[in-house]
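# Topology and contacts: notes
This is what each chain is made of:
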Amino acid sequence: MKLLAGTSGLPLLMALGLLSASGCAAILAELKRKSGDIDVLDKHIALEQAIVGRPLVLGNKVTLLQDGAATYAAMFDAIRTARDHINIESYIFEDDEIGRQFANLLLEQQTRGVQVNLIDDSVGGLNTPKAFYERLA
């Protein structure tokens, strides 16, 4: 797909496919209304799409988590509210208080029928007892 520079020709992707040209224009006009009429938005969208070679996907949400406590709380909440599957990757997964909280939540969700997939780095888990992982298996 060739992506054009400038908001009038930039495609935006929704869950059900590409948004119409008028839909794209309306969304970009609303973004500009909220942020001010600056051309940096046009340039940023064009650059992002040129780098990835695909249209931006609408409906994403980002929350900035600034410390461990906020990050763990958000992760625990995401695990608790998962309905179909959980895919989690971790560099360090230890048999400590936080690690056990993660393990207990993951096991709890698995017993509820949620598919749990865990990737753990073997170097980051060197000091984690084998029994800890066996419980998760």
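Refer to the preceding data block for the structure.
Now for a description of the structure that goes with this document. (Residues numbered from 1 in each chain as written. Predicted model: local features only at pLDDT ≥ 70, side-chain atom pairs only at ≥ 80, totals over all residues. Heavy atoms only, no water.)

## Points about the packing of aromatic side chains
- One pass over the full model with this rule turns up 6 aromatic pairs.
- With centroids separated by 6.3 Å and ring planes inclined at 20°, the aromatic side chains of Y72 and F76 adopt a geometry described as stacked. Taken together, the residues Y72 and F76, both in helix α3 (residues 68–81) and 4 residues apart, mark about one turn of the helix.
- With a centroid separation of 4.6 Å and an interplanar angle of 55°, the aromatic rings of F76 and F102 are classed as tilted. With F76 in helix α3 and F102 in helix α4 (residues 97–111), this residue pair connects regions lying 26 residues apart in the sequence. (Phe/Tyr/Trp six-rings, centres within 6.5 Å; stacked < 30°, edge-to-face > 60°. Helix = DSSP H or I, 4+ residues; strand = E, 2+ residues; numbered from the N terminus.)

## A look at helix α1 (residues 21–35)
- Taking 1.5 Å as the rise per residue, α1 with 15 residues should run 21 Å; its terminal C-alpha atoms sit 21 Å apart, in good agreement.
- G23, C24, L28 and K32 are the residues of α1 that are buried. (Expected span 1.5 Å × (residues − 1). Buried < 20%, exposed > 50% of the residue type's maximum accessible area, 1.4 Å probe, protein only.)

## Description of the environment of L31
- Tracing the backbone through its elements, the reader meets L31 in helix α1.
- L31 gets classed as partly exposed once you look at its relative accessible area, which sits at 39%.
- Each C-alpha atom of the pair L31 and L41 lies 8.5 Å from the other, and the pair is 10 residues apart in sequence.

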